[in-house]
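Here is what each chain is made of, one letter per residue.
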Amino acid sequence: QVQLVESGGGLVQAGGSLRLSCAASGRTLSSYHMGWFRQAPGKEREFVAAINQSGGATYYADSVKGRFTISTDNTKNTVYLQMNSLKPEDTAIYYCAADSSKFYGSRWSSVVGSYDYWGLGTQVTVSS
């Protein structure tokens, strides 16, 4: 079992950048496919980005493609989400999640139900 703790959220102006971190404990991150999701007030949790166990394959939601980058550092057991050119519509609580299954792909890895473990989230607020 793995425990996930997000950090790095905050308030930023539109056009700015933030880097979110998700530190894992209990098991090594290389045992999991990892994902970032977000949830805005009154909306369902939505997929943002995913990366496979080896870190060699990534997927992004169309809304963040070209602006966000997911990466992992196995030496630190941490997954990151670099967010550039932030927009007010990026405002949400951001969650990282771990998937212990052997499946990985754009459809599977973009679904909330594919993930077994979740962090508590970190708030990102983008002002206009």
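Placed above this text is the structure.
Peer 1: How do you make sense of the environment of Val5 when you look at a structure like this?
Peer 2: Here Val5 lies in strand E1 (residues 3-7). Each C-alpha atom of the pair Val5 and Leu120 lies 6.8 Å from the other, and the pair is 115 residues apart in sequence. Look past the residues within four positions of Val5 in its chain and what remains in contact with it is Ser21, Cys22 and Ala23.

Peer 1: Mind showing me how you'd approach the pairing of strand E8 (residues 78-83) here?
Peer 2: In regular strands, side chains alternate between the two faces of the sheet. The element E8 is extensively covered by neighbouring structure, given that 5 of its 6 residues are classed as buried. As paired elements, strand E3 (residues 18-25) and E8 share 6 bridges and run antiparallel to each other. The partner of Leu18 across the bridge, within E8, is Met83. For strand E7 (residues 68-73) and E8, the ladder comprises 6 bridges, and the chain directions are antiparallel. Paired with Ile70 across the strands is Leu81, a residue of E8.

Peer 1: Even after reading the chapter, I still don't get the packing of aromatic side chains, so can you show me in this structure?
Peer 2: Within the structure shown, the criterion is met by 7 aromatic pairs. Look at Phe37 and Phe47: their rings are 5.7 Å apart centre to centre, the planes differ by 70 degrees, and that puts the pair in the edge-to-face class. In this pair, Phe37 is assigned in strand E4 (residues 33-39) and Phe47 in strand E5 (residues 46-51), connecting sequence segments 10 residues apart. Accessibility expressed as a relative area gives 0% for Phe37, which makes it buried. The buried category is assigned to Phe47, whose relative accessible area is 13%. Judged by centre distance (6.0 Å) and plane angle (65 degrees), the rings of Tyr115 and Trp118 are edge-to-face. The exposure class of Tyr115 is buried, given its relative accessible area of 6%. Pairwise contacts between aromatic rings join Phe37, Phe47, Tyr115 and Trp118 into one cluster. Looking at Arg45, its charged tip hangs above the ring of Tyr95, at a distance of 3.7 Å from the centre.

Cut-offs applied
- Residues numbered from 1 in each chain as written.
- Predicted model: local features only at pLDDT ≥ 70, side-chain atom pairs only at ≥ 80, totals over all residues.
- Heavy atoms only, no water.
- Helix = DSSP H or I, 4+ residues; strand = E, 2+ residues; numbered from the N terminus.
- Contact = heavy atoms within 4.5 Å.
- Buried < 20%, exposed > 50% of the residue type's maximum accessible area, 1.4 Å probe, protein only.
- Pairing = 2+ DSSP bridges.
- Phe/Tyr/Trp six-rings, centres within 6.5 Å; stacked < 30°, edge-to-face > 60°.
- Lys NZ or Arg CZ within 6 Å of the ring centre and 35° of its normal.

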